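For reference, the chains in residue letters:
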Amino acid sequence: MRIIYIDTLFLLNLLVNYLLLLATAKIGAVHISRRRIGLGAIFGASYAVAAVFPLFGFLLTGPMRVVSGVSMVLLVFGGKRGVLRLSLIFFAVSAAFGGAIYAFGLMAGGPIYDGHHVLPISLTVLIAAFALCYGVLSLVFARLGRDTGTKPVQVEITRRERSAALTGLVDTGNSLVDPITGGAVLVAETESVSSLFDPAAAALLSGPLADQPVELLPQLGGIGLYLLPYTAVGTRGGFLLAFRPDSVRIDGKEVRGTAIALSPSRVSDGGRYSALIPINR
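Residues numbered from 1 in each chain as written. Predicted model: local features only at pLDDT ≥ 70, side-chain atom pairs only at ≥ 80, totals over all residues. Heavy atoms only, no water.

### A look at the overall build of the protein chain
When its secondary structure is counted, the protein chain shows 7 helices and 9 strands. Relative to its 281 residues, the protein chain shows a buried fraction of 42%. Sequence separation of 24 or more characterises 66% of the internal contacts of the protein chain that already satisfy a separation of 6 or more. When the accessible surface of the protein chain is totalled, it reaches about 14,900 Å², and 62% of it is carbon and sulfur. (Helix = DSSP H or I, 4+ residues; strand = E, 2+ residues; numbered from the N terminus. Buried < 20%, exposed > 50% of the residue type's maximum accessible area, 1.4 Å probe, protein only. Contact = heavy atoms within 4.5 Å. Areas by Shrake-Rupley, 256 points an atom, 1.4 Å probe, with all protein chains shown as cover.)

### Examining the side chain of aspartate 178
One can find aspartate 178 in the loop between strand S2 (162-171) and strand S3 (185-189). Of the polar contacts made by the side chain of aspartate 178, one reaches the side chain of tyrosine 226; its length is 2.6 Å. In terms of polar contacts, aspartate 178 uses its side chain to reach the side chain of arginine 244, at 3.4 Å. Not counting chain neighbours up to four residues away, the residues in contact with aspartate 178 comprise Gly183, Val185, Tyr226, Leu228, Arg244 and Ala259. (Polar contact = N/O pair within 3.5 Å; in protein donor to acceptor, adjacent residues only side chain to side chain.)

### Quick word on the pairing of strand S6 (residues 247-250)
For strand S1 (residues 153-159) and S6, the ladder comprises 4 bridges, and the chain directions are antiparallel. Within S6, the position partnered with threonine 158 by the bridge is serine 247. Examined bridge by bridge, S6 and strand S7 (residues 253-254) share 2 bridges and lie antiparallel to one another. Paired with arginine 249 across the strands is glutamate 254, a residue of S7. The antiparallel pairing of S6 with S7 creates a hairpin that spans 2 residues between the two strands, and aspartate 251 there sits at a positive phi of about 55 degrees. (Pairing = 2+ DSSP bridges.)

### What to know about the sheet that holds strand S4 (residues 226-230)
Spatially, the 9 strands line up as an open sheet ordered S4-S5-S8-S3-S9-S2-S1-S6-S7, and their pairing is mixed. With partners counted over all chains shown, the strands left at the sheet margins are S4 and S7, one partner each. Bridge count between S3 and strand S8 (residues 259-263): 5 bridges; the pairing is parallel. Bridge pairing links glutamate 189 to serine 263 in S8. Relative to strand S5 (residues 238-243), helix H7 (residues 213-220) is tilted by about 30 degrees, and along the sheet it contacts S4 and S5. (Axes fitted to C-alpha atoms, helices over the stretch in contact; angles between N-to-C directions.)

### Quick look at the environment of valine 155
Tracing the chain through its elements places valine 155 in strand S1. Linking valine 155 and valine 248, residues 93 residues apart in sequence, is a C-alpha distance of 7.1 Å. Non-local contacts of valine 155, meaning those with residues more than four positions away in its chain, are made with Ala164, Ala165, Leu166, Gly168, Leu186, Val248, Arg249, Ile250 and Ile277.

### Quick look at unusual backbone geometry
Positive phi outside glycine occurs at arginine 160, with the angle close to 50 degrees. The residue arginine 160 is located in the loop between S1 and S2 in this model. At glutamate 161, a position not held by glycine, the phi torsion is positive, near 65 degrees. Tracing the backbone through its elements, the reader meets glutamate 161 in the loop between S1 and S2. Judged by relative accessible area, glutamate 161 falls into the exposed class, the value being 86%.

### With respect to the pairing of strand S9 (residues 275-278)
Where burial is concerned, the two faces of S9 agree: the one with Ala275 and Ile277 and the one with Leu276 and Pro278 are both buried. As paired strands, S2 and S9 are joined by 4 bridges and run parallel to one another. The residue of S9 that forms the bridge with valine 170 is isoleucine 277. Pairing of S3 with S9, which is carried by 2 bridges, proceeds in the antiparallel orientation. If you follow valine 187 over to S9, its bridge partner there is leucine 276.

So, in structure tokens, the structure goes:
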């Protein structure tokens, strides 16, 4: 008779589900709070524990597993655009992760999946399998989404009774997150939104310290700007000046909870657009 330790089963599935949901968010370029990912992971772990009891054996059927997976996705990503796409990503990540764990488990000395549950395995196997499937699926979905956002969109930003209209492009690589609210961040060229500031502030934002936000911020005074950390391929990262607008409209539709980061340099080589919009906002 095989003994299942409920606490071990719960914690292991909690970790696995958290990683799966986190990978789904990263691959799908969705800005989501860690709290919601945690709630989804807790739901999935609770489902796994309930399924081991004979009274709830029906939870192991195929349809119920699909319902459980969809429920996790809705719990975490409900309200976001592209929920169907996120569901497909989640199931793809789950399938790849399960296959990778099984393969790594066999190489490590034995099976680690009993047909229904992930069994206790070494952390090394878990991390290696997750890293492999995350890397592969990131490349796959990046290629599938390469054409996403090729059509420019119209953006209108208002701040303190001032407004600015600019052309933006949906950017699958924009993964900036407001560190305070956890919301998405739209990156706009400073010049394109200069009308949102008084002339003195606009002059400072386009002046000699434009690319030195840490030194520039104290000179701007209390106009609602703050430092937003970022990282990018080929750079060591740094900070951008950012602010929270009164409203943002994308193609006429209001988008709530989006911060605006100011880019002192061009975001488009050809000048077709002046803002990068997160794919899910």
